[in-house]
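If you want the building blocks of each chain, they are given just below.
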Amino acid sequence: MKLAGLKSVENAHEESVWAVTWVPATDSRPALLLTGSLDETVKLWRPDELGCEGTNTGHCLGVVSVAAHPSGVIAASASLDSFVRVFDVDTNATIATLESPPSEVWQMQFDPRGTILAVAGGGSASVKLWDTATWELIATLAVPRPEGSSKPSDKSGSGKFVLSVAWSPDGRRLACGSMDGTISIFDVSRAKFLHHLEGHFMPVRSLVYSPVDSRVLFSACDDAHLHMYDAEGKSMVGAMSGHASWVLSVDVSPDGAALATGSSDRTVRLWDLKMRAAVQTMSNHTDQVWGVAFRPPGGTGVRVGRLASVSDDKSISLYDYS
């Protein structure tokens, strides 16, 4: 696999672009790119020429995460204002507004069936699960403190600040990454904590499961490393390095063969999982790269793969690969 720069849009937002995801294609339109920014807006972009399809307002602080429902019909944005806004992609009509206490809304992701929205709970040391039929809170998955680290002075119950979440492709497991480097695995149907994954000691800002193996989890960390875990066997099966600074975002290609990462070293890197190494570095951005996202498969006439990246430099870059 090789990336080829396709298109960049400078000043895509008025401030840093912190979040990016793809809205899956529907019968009536192709996949769209969804971005969220410190400028408090969420924007939708056409997938080829990066023309802006719409700008959503409604948050009063920066947007830290965006998520798309697997149907492609609805999406959600999470902000430092502690609200999650769920909206209709095509009309921008607000479907639900989910409120949390301050600093308890970070990354979020819909489960593969689209029945639950998981929201990383920041200072609550938990992941909140919302039912997408009723928009009621149905579970709070609390991250326990690892044994032997008793710090009763911590304001949050466990001293964990939960930044990132990822669903396994079968929807049975949920992983979350914390500020102290801990990764926690939950059995979702039983709302039960299973175990921690060890190896990082700095913030884990991004997690993604392999689409072809529900056991394999990838993590991106401020320690400049990528880890590959057997999330069921509790073991680290690989570590990859190459970035010069924090790894802020990781995504896996739809065929499970490659990873893309964005870093505060201003680069996007492509990693070959057979070689367990970086095979390409893209230097389109002039500031920290907060998000990378592979376009999901599907949609009419889609022949090539596509990757998007967003940055503190206010720009969006698109890359093709085949």
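Since the structure is predicted, the reported quantities are computational estimates derived from the model, not experimental observations.

Asks: Got a minute to help me understand the sheet that holds strand β5 (residues 52–56) in this structure?
Replies: Paired through their backbone hydrogen bonds, the strands of a sheet run either parallel or antiparallel. Overall, antiparallel pairing links the four strands, which are arranged β2-β3-β4-β5 in an open sheet. Since the sheet does not close on itself, it has two edges, and those belong to β2 (17–23) and β5, each with one partner. For this sheet the average axis-to-axis angle between neighbouring strands, irrespective of direction, equals 20°. In the sheet, β2 pairs with strand β3 (residues 32–37) via six bridges, with the strands oriented antiparallel. Its bridge partner lying in β3, V20 is registered against T35.

Asks: Is there a simple way to think about the nonpolar core in this case?
Replies: Buried together is how nonpolar side chains tend to be arranged in soluble globular proteins. The biggest cluster of nonpolar side chains holds 16 residues, and the ones touching the most others in it are V84, V86, L98, M108, L117 and W135. Breaking this core down by element, the ones donating at least two residues are β6 (63–68), β7 (74–79), β8 (83–88), β9 (94–99), β10 (108–110) and β11 (116–120). Element by element, the count of residues in this core is highest for β7, at three residues. Excluding anything up to four places from it in sequence, W135 contacts I74, V86, I95, A96, L98, F110, L117 and W130.

Asks: Would you take a moment to explain the packing of aromatic side chains for this structure?
Replies: How two aromatic rings sit relative to each other is set out by the distance from centre to centre and by the angle between their planes. For the coordinates displayed, the defined rule picks out three aromatic pairs. Ring geometry for W106 versus F161: centroids 5.5 Å apart, planes at 65°, classification edge-to-face. Of this pair, W106 sits in the loop between β9 and β10 while F161 is found in the loop between β13 (137–142) and β14 (162–167), placing the two residues 55 residues apart along the sequence. With 5.5 Å between their ring centres and 90° between their planes, F294 and Y321 make a pair best called edge-to-face.

Asks: How should the UniProt feature "repeat: WD" (unreviewed entry) in the chain be read in this particular structure?
Replies: UniProt annotation of "repeat: WD" (unreviewed entry) refers to residues 10–45, 56–97, 155–196 and 240–281 when read in the numbering used here. Structurally, residues 10–45 comprises 0% helix and 47% strand, and the distance from its first C-alpha atom to its last is 13 Å.

Asks: Got a minute to help me understand the pattern of salt bridges in this structure?
Replies: Side chains carrying opposite charge are able to pair once their charged atoms draw close together. Overall, the coordinates contain 14 salt bridges when judged by the stated rule. A salt bridge links D265 to R269, with the nearest nitrogen and oxygen atoms 3.8 Å apart.

Asks: What is the right way to look at the sheet that holds strand β15 (residues 173–178) in this model?
Replies: On the basis of which strands lie adjacent, the open sheet formed by four strands has the order β14-β15-β16-β17 and antiparallel pairing. One side of each edge strand has no neighbouring strand; the edge strands of this open sheet are β14 and β17 (192–197). Across the sheet, the axes of successive neighbouring strands diverge by a mean angle of 25°, strand direction being ignored. Relative to strand β16 (residues 183–187), β15 runs antiparallel, the two sharing five bridges.

Asks: Even after reading the chapter, I still don't get the environment of A67, so can you show me in this structure?
Replies: Along the chain, A67 falls in strand β6. Sequence separation between A67 and K7 is 60 residues, and the spatial gap between their C-alpha atoms is 23 Å. Residues in contact with A67, not counting those within four places in the same chain, are T21, L34, A75, A76, M108, Q109 and F110.

Asks: Just checking my understanding: could you explain the side chain of S264 for this structure?
Replies: Along the chain, S264 turns up in the loop between β23 (258–263) and β24 (268–272). In this structure S264 touches S245, W246, L248 and Q288, once residues within four positions along its chain are discounted.

Asks: Sorry, what's going on with the pairing of β7 here?
Replies: Looking along a regular strand, one sees the side chains alternate between the two faces of the sheet. Across the six residues of β7, six count as buried, placing the element largely inside the fold. Side-chain alternation along β7 places I74, A76 and A78 on one buried face and A75, S77 and S79 on a second face that is also buried. Where β6 folds back on β7, the antiparallel hairpin that results is connected by five residues, among which G72 adopts a positive phi of roughly 80°. As judged from the five bridges shared by β7 and β8, these two strands associate in the antiparallel manner. Its bridge partner lying in β8, S77 is registered against R85. Linking β7 back to β8 in an antiparallel pair, the connection comprises three residues, with S82 at a positive phi of about 75°.

Asks: So what exactly am I meant to see when it comes to a nonpolar patch on the surface here?
Replies: Judged by side-chain polarity, F201, M202 and W246 come together as a nonpolar surface patch covering roughly 340 Å² of accessible area. Inspection of the secondary structure puts W246 in the loop between β21 (235–241) and β22 (247–252).

About the cut-offs
Residues numbered from 1 in each chain as written. Predicted model: local features only at pLDDT ≥ 70, side-chain atom pairs only at ≥ 80, totals over all residues. Heavy atoms only, no water. Pairing = 2+ DSSP bridges. Helix = DSSP H or I, 4+ residues; strand = E, 2+ residues; numbered from the N terminus. Axes fitted to C-alpha atoms, helices over the stretch in contact; angles between N-to-C directions. Core = buried A, V, L, I, M, F, W, Y, C linked by side-chain atoms within 4.5 Å. Buried < 20%, exposed > 50% of the residue type's maximum accessible area, 1.4 Å probe, protein only. Contact = heavy atoms within 4.5 Å. Phe/Tyr/Trp six-rings, centres within 6.5 Å; stacked < 30°, edge-to-face > 60°. UniProt positions renumbered as here; feature names shortened; annotations may be inferred. Salt bridge = Lys/Arg side-chain N within 4 Å of Asp/Glu carboxyl O. Patch = residues over 30% accessible without salt bridge, like charges linked within 9 Å, V, L, I, M, F, W, Y side chains within 5 Å. Areas by Shrake-Rupley, 256 points an atom, 1.4 Å probe, with all protein chains shown as cover.

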